[in-house]
Each structure stands twice: as structure tokens, then as C-alpha cells.
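Below are the chains, spelled out letter by letter.
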Protein chains: 2
Amino acid sequence: MKIVVIGAGNLATRLALALKGSGHHLVQLFSRTEQSASVLADLVNCPFTTDLKALDREADLYLLAVTDSAVAETTEQFDFGSRMVAHTAGSLSIEVLAKHCRNFGVFYPLQTFSKGREVSFEDIPICIEANSQDNLQTLRKLAESLSKDVREIDSLQRRQIHLSAVFVCNFVNHFYAIGETLVNEKSMDFGILKPLIRETAMKAMEFSPSTVQTGPAVRNNRQIIDHHLTMLADHPDWQELYGLISEDIFKTQNKE
Amino acid sequence: MKIVVIGAGNLATRLALALKGSGHHLVQLFSRTEQSASVLADLVNCPFTTDLKALDREADLYLLAVTDSAVAETTEQFDFGSRMVAHTAGSLSIEVLAKHCRNFGVFYPLQTFSKGREVSFEDIPICIEANSQDNLQTLRKLAESLSKDVREIDSLQRRQIHLSAVFVCNFVNHFYAIGETLVNEKSMDFGILKPLIRETAMKAMEFSPSTVQTGPAVRNNRQIIDHHLTMLADHPDWQELYGLISEDIFKTQNKE
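Just so we're clear, the structure is a prediction, and the values are computed from it rather than from any experiment. (Residues numbered from 1 in each chain as written. Chains lettered and ligands numbered in written order. Predicted model: local features only at pLDDT ≥ 70, side-chain atom pairs only at ≥ 80, totals over all residues. Heavy atoms only, no water.)

Engineer: When you look at the overall build of chain A in this model, what are you seeing that I'm missing?
Structural biologist: Along its length, chain A carries eight helices and eight strands. Across its three principal directions, the C-alpha atoms of chain A cover 70 × 40 × 30 Å. Considering only intrachain contacts with a sequence separation of at least 6, the fraction spanning at least 24 residues in chain A is 53%. Just so you have it, chain A exposes about 10600 Å², and 46% of that area is on carbon and sulfur atoms. Placing the 25 positive and 32 negative side-chain charges of chain A at their respective mean positions leaves the two points 2 Å apart. (Helix = DSSP H or I, 4+ residues; strand = E, 2+ residues; numbered from the N terminus. Contact = heavy atoms within 4.5 Å. Areas by Shrake-Rupley, 256 points an atom, 1.4 Å probe, with all protein chains shown as cover. Lys, Arg positive; Asp, Glu negative; His and termini not counted. Charge placed at Lys NZ, Arg CZ, Asp CG, Glu CD.)

Engineer: What exactly am I supposed to notice about helix 8 (residues 236-255) of chain B here?
Structural biologist: Spacing of three or four residues puts side chains on the same side of an α-helix, whose turn is 3.6 residues. In this model, helix 8 of chain B (20 residues) spans 29 Å end to end at C-alpha, consistent with the 28 Å of a helix rising 1.5 Å per residue. Listed as buried for helix 8 of chain B are Trp238, Leu241, Tyr242, Ile245, Ser246, Asp248, Ile249, Thr252 and Gln253 of chain B. Where helix 8 of chain B is buried, its residues meet helix 5 (155-185) and helix 8 (236-255) of chain A together with helix 5 (155-185) and helix 7 (222-231) of chain B. (Expected span 1.5 Å × (residues − 1). Buried < 20%, exposed > 50% of the residue type's maximum accessible area, 1.4 Å probe, protein only.)

Engineer: Would you mind showing me how to read the interface of chain B and chain A here?
Structural biologist: A common way to report how large an interface is uses the accessible area buried once the components associate. Contacts between chain B and chain A engage 87 residues on the former and 87 residues on the latter. Both sides together, the interface formed by chain B and chain A hides about 8800 Å², and carbon and sulfur atoms give 66% of it. There are eight salt bridges connecting chain B and chain A. We note a salt bridge from Asp237 of chain A to Lys251 of chain B, for which the minimum N-O separation is 2.6 Å. Linking chain B with chain A are 40 residue pairs in polar contact (both at pLDDT 80 or more). Elements supplying a minimum of two residues to the side of chain B that touches chain A: helix 5, helix 6 (194-206), helix 7 and helix 8 of chain B. (Buried area = accessible area lost by both parts, 1.4 Å probe. Salt bridge = Lys/Arg side-chain N within 4 Å of Asp/Glu carboxyl O. Polar contact = N/O pair within 3.5 Å; in protein donor to acceptor, adjacent residues only side chain to side chain.)

Engineer: Mind showing me how you'd approach the relation of the copies chain B and chain A here?
Structural biologist: Both copies of the chain are placed relative to one another by a rotation about an axis and a shift along it. Once chain B has been moved 0.0 Å along the axis and rotated by 180°, it coincides with chain A to within an RMSD of 0.0 Å. What the superposition gives is, in effect, a two-fold axis relating one chain to the other. Among all C-alpha atoms of chain B, that of Val172 of chain B lies closest to the rotation axis, at 2.7 Å. Most of the interface of chain B is mirrored in chain A, where 100% of its interface residues are also at the interface. (Least-squares fit on C-alpha atoms with pLDDT ≥ 70 in both.)

Engineer: Looking at this structure, I do not really get a negative patch on the surface. What am I missing?
Structural biologist: Together, Glu240 and Glu247 of chain A together with Glu240 and Glu247 of chain B give the surface a local cluster of negative charge. Secondary structure elements with two or more residues in the negative patch: helix 8 of chain A together with helix 8 of chain B. Structurally, the position occupied by Glu247 of chain A is in helix 8. (Patch = residues over 30% accessible without salt bridge, like charges linked within 9 Å, V, L, I, M, F, W, Y side chains within 5 Å.)

Engineer: Whenever I open this one, the environment of Leu136 of chain B confuses me. Can you help?
Structural biologist: Along the chain, the position of Leu136 of chain B falls in helix 4 (residues 133-144). The exposure class assigned to Leu136 of chain B is buried, which follows from its relative accessible area of 4%.

Engineer: Hey, could you run me through the sheet that holds strand 8 (residues 150-152) of chain B in this one?
Structural biologist: Backbone hydrogen bonds are what pair the strands of a sheet, in a parallel or an antiparallel way. Taking strand neighbours across the sheet as the criterion, the eight strands line up as 3-2-1-4-5-6-7-8 (chain B) in an open arrangement whose pairing is mixed. Edge positions in the open sheet fall to strand 3 (48-49) and strand 8 of chain B, since each of these has one partner strand only. (Pairing = 2+ DSSP bridges.)

Engineer: Sorry, what's going on with unusual backbone geometry here?
Structural biologist: When glycine is set aside, most residues are seen to have a negative phi, and most peptide bonds are trans. With a phi angle near 50°, Asn220 of chain A is a residue other than glycine that sits in the positive phi range. By relative accessible area, which is 30% here, Asn220 of chain A ends up partly exposed. One non-glycine residue with positive phi stands out, namely Asn45 of chain B, at about 55°. If you trace the backbone, Asn45 of chain B turns up in the loop between helix 2 (34-44) and strand 3.

Engineer: Help me understand the packing of helix 8 of chain A against helix 5 of chain B, please; the structure alone is not making it clear to me.
Structural biologist: A pair of packed helices is captured by two measures, namely the crossing angle of their axes and the spacing between those axes. Packing of helix 8 of chain A against helix 5 of chain B brings their axes to within 11 Å, and their N-to-C directions diverge by 50°. Of the possible angle classes, the one that applies to helix 8 of chain A and helix 5 of chain B is oblique. The interaxial crossing formed by helix 8 of chain A with helix 5 of chain B has left-handed handedness. Residues Trp238, Tyr242, Ile245, Ser246, Asp248, Ile249 and Thr252 of chain A of helix 8 of chain A form the contact with helix 5 of chain B, whose own contacting residues are Leu163, Val166, Phe167, Asn170, Phe171, His174, Phe175 and Ile178 of chain B. Here the contact of helix 8 of chain A with helix 5 of chain B is built from residues that sort into ten nonpolar, four polar and one charged. (Axes fitted to C-alpha atoms, helices over the stretch in contact; angles between N-to-C directions. Parallel < 35°, antiparallel > 145°, perpendicular 65-115°, else oblique. Left-handed = near helix turned anticlockwise from the far one by under 90°. Nonpolar A, V, L, I, M, F, W, Y, C, P; charged D, E, K, R; others polar.)

Engineer: Honestly, the nonpolar core in this entry has me stumped. Any pointers?
Structural biologist: Within soluble globular proteins, side chains that are nonpolar generally end up buried alongside one another. Counting 114 residues, the largest nonpolar core has Phe167, Phe175 and Tyr176 of chain A together with Phe167, Phe175 and Tyr176 of chain B as its most contacted members. Here Phe167 of chain A is in contact with Val172 of chain A together with Phe175, Ile178, Leu182, Leu232, Trp238 and Tyr242 of chain B, once residues within four sequence places are set aside. Counting residues in each nonpolar core, the second largest holds 33 residues, with Leu29, Ala86, Phe107 and Leu142 of chain A among its members. (Core = buried A, V, L, I, M, F, W, Y, C linked by side-chain atoms within 4.5 Å.)

Engineer: Honestly, the sheet that holds strand 3 (residues 48-49) of chain A in this entry has me stumped. Any pointers?
Structural biologist: Residues and elements named next belong to chain A. Taken in spatial order, the eight strands make up an open sheet running 3-2-1-4-5-6-7-8, and their pairing is mixed. The sheet is open, and its two edges are formed by strand 3 and strand 8 (150-152), each paired on a single side. Where helix 5 meets the sheet, its contacts fall on strand 5 (84-87), strand 6 (103-109), strand 7 (126-130) and strand 8, and the angle it forms with strand 6 comes to roughly 25°.

Engineer: Is there a simple way to explain the packing of aromatic side chains in this structure?
Structural biologist: Two measures describe an aromatic ring pair: the distance that separates the ring centres and the angle between the ring planes. Counted by the stated rule, this structure contains 17 aromatic pairs over all chains. Here Phe175 of chain A and Phe167 of chain B contribute two aromatic rings whose centre-to-centre distance is 5.5 Å and whose plane-to-plane angle is 90°, an arrangement assigned as edge-to-face. With one member in each of two chains, Phe175 of chain A in helix 5 and Phe167 of chain B in helix 5 form a pair that bridges those chains. Ring geometry for Phe113 of chain B and Phe121 of chain B: centres 5.6 Å apart, planes at 25°, overall stacked. When sorted by exposure, Phe113 of chain B lands in the same class as Phe121 of chain B, which is buried. Members of the aromatic cluster, joined through ring pairs, are Phe167, Phe171, Phe175 and Tyr242 of chain A together with Phe167, Phe171, Phe175 and Tyr242 of chain B. (Phe/Tyr/Trp six-rings, centres within 6.5 Å; stacked < 30°, edge-to-face > 60°.)

Structural measurements only, silent on function.
Below, the structure written as C-alpha cells:
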């Protein structure tokens, strides 16, 4: 499949590498930023452009791996004609492409990507959606060449996934950062928390998380909770979060 | 080493199994609940009692793996004489043992334990503290027979670890549960989030979490944040949490 990747951020980088690795033909990369474009083009050994007008017109698929606001902009500024266009955004409806594209869809790999961290696409759920069965098949074939977990997910579901991902990834990572700050404050290194972080995640692979909730909040252990709140006196924001989440855990656990 | 384990909960179970597996001599188990005591005694092939007065008086070490409030109670109700006693609680000071014991310490394996899930002690940080260098050596020897990560940690530090663990384990697990509820609400299974959960944890093993924070909050992407808040209208508690944590992420990331 002849593919043009538009974007050179974390997702574009990981996606371009995975596509290349699965034997697809990356015909061109586009990024407004020459530096990012050239770094990624080097990595995947493919020509690049920073000028939208110079976009290759003969590709089978244009993958928009750009910020949400740039998705619509790109389709306004370049006429893709009848060529297939797919965006890769969790929170954008497929409809954002309807105005300027004739064949379009969504290709959303549900994962957190960093430029500097390798990730195997094989286990990543790829959520696809398209404006026709034919286009869906095109995206399905591409997705299945990368991953064994390909799912047809509509825009409302994808949005809900993205919302859930904010909780289980972004917010979770922030709590890792809070944990790191707290142990550092008492002259300990973050390493001491790592086996716990790993096991907590692994447990969620095996059990439904609500059935394995532990900690002082489950039984509303006031002695520990109040002491922890006191210890957070220098971090009023975290103190507030601690109280609210503890209440929410107690309510959730005692509803079930 | 001849050890009596007091308690038959998650930690007592996992600890008794690990001690047995490392060749220690479990001379007796104690639990107030006959059912729990007999199940665990069966597992580790060891006698048990539910009567504190019938506690073996010849052990080298009594490990108190009971709820926080039961630690002091146990030492009030049984005279350990000069025998070594250690509690296993994150939030209790070593001083809780000082009133009734002569040789005492803390043996705190930093992990989340479930009766039904096997866990290798080898990588679990074991935090030790004792009222004398001799007693510290006793605990260190025991800890090193189970784990390659043994650390001398004082009561203030251990309390801070426990507070951190509430964030990186209990609160994180609650957010997994929120994610599960949200995807279920739109007819999707929790499995779709698992690769993301795993990768988020694995990334924290490799990088300092605050340096790899992603998501709409980092750049204060109001369009996505406001949309997510609207989507959480049926979950006002989660809506409030979403707003507060997003603000905290933005503040934290833009301070550094």
C-alpha cells in the first residue's frame, strides 16, 4: 500500500516506523516543521516535504497524524480528490473529514506513544471507522497488517475510549509523578515504587479492577486517611484530590 | 529461623507462602478467624491456633501481619518477653511496639497482595527497621532470604511510602475501574484498555513520569477537556476529579 504520513509527532513517528516495518510503501512524509520532518524521513528512509502543495497525489492512503485542529485545516488546504484520507485522533468524529473528502475514515491506534520509546503494534487495539464498507475494508487490511486486535468502533465509542484513556493513562501517569515527588521529598528514589506500579497494572490484566480495590479508602479507615491528609498539608491540591478520590472509592465499593 | 505468623489476610498469606518457599520454619499460625487460619495453615502445612494464649513461646520471630489496630492489641494481650516481634504495616511507627516488647522492629514488604494471586518476593522492596542493630541484622537476614531489594527505612519514610502507594496503587486502580465503567457504558470491554494500561506502567519503569506526561491537560486543550467534562455529566464526582486533576497536571507541567 502506498501511504503518505502527514505529521511528525509521537504517533506519526511510531506509526511510520510500524508501517515501514510491515512492508508498506511510505511514499512521502509531510510536516510543517522541517526539523521534525527530516528526522523522521531519515528514520524511515522516505522523502519529505514541508509544503502541502507539494504533497504526492498518487498515494492509496493519506494518514493524518496531526493535532486535532490541524485535521480539518489540512483537508481545507489540500484537495485529496477521491483519494482515501484517514485521521488518527481519539476525540474527533469521522464527520470532520466529510466536508472536503470523498473517501475517508479513522485509523486510531489506542496507545500512548513517545518518539523515544519503541512499542510493538501487534497488541495495540486499532479502532477503525470509514464512510463506506469498501473503505472500511481498506483500513481493516492495513490495521491487520500491524495488529492482531482490530475493532470497528464508531465515533461516539472512540470518544468514550479517549475519555477513559485520560483516566487510565494520563491521570495514572500524573499519580506516578505525585508518588515520585512524595518519595523524593523523604530522600527515597522512585525505584522503590516500581514493583508496586508494575503489580498494580498486572493485576488489572487479570481481574476486574473494581473487584481488587485495596487501601484505606475501601473501609473508610479514618485514622490512616486523616493522617495522610495531614501529611499532604504542603500540597493542598493533592490533599483535596486525596479526600475526593477516597470518598469516591468508598462510595463505589459500597454500592457494588 | 523459627517463625510464628500472626494474621491470615492477604499479606499474611503471601508472606507465609514466601517464607515457607525460602525454607524457613513456620512453627505456628494465629488468626482469630478459624476459617482463615485453617485455610492458610493447610496451604503452608503448619499448625494453627485461634487462641492467643496458646501461642508458641519458643519462636525466633513473631510477624504481626494484622490490621493496624490489631498490632498494639496483640502486644497488650500476649507477653512476648524478650522474643523478637515485628509488624508489617506501612503506616504504623515502630514505636507502637515499644511499650510491650523488648526486641522489636518492622518488616514491611512494599507491594499489593491478594490471596488469590501469586507474587514473587524477589523484586519486592522490603523495608526494615528495628530497635537495635542486632535486631536489624536479624530482620535484614530474613528479608534478604526473600528479596534482593532490602532497605533500611525509618518510620517517617515508611509512612511517606505508604502515602505514595495510595496514589500509585489504590488511586490508580480506582482509575482503572473508572475506565472500565466508561468503556462498558458504550458496549466495549475493558480489554481494549489493557495494552494502554500496561504501556503506561512500563513507561514509568523507564522514564521519570513527570517527563513523559501526555494528554489534553498538559497543553490545557480546552476543546477536548470541555468536551470530556460534558461527557461526564452523569458522573458528577468523576467530572469534578477530571477538572481538578487536569488543572493539577497543567500546573505541575508548567512549573517544571
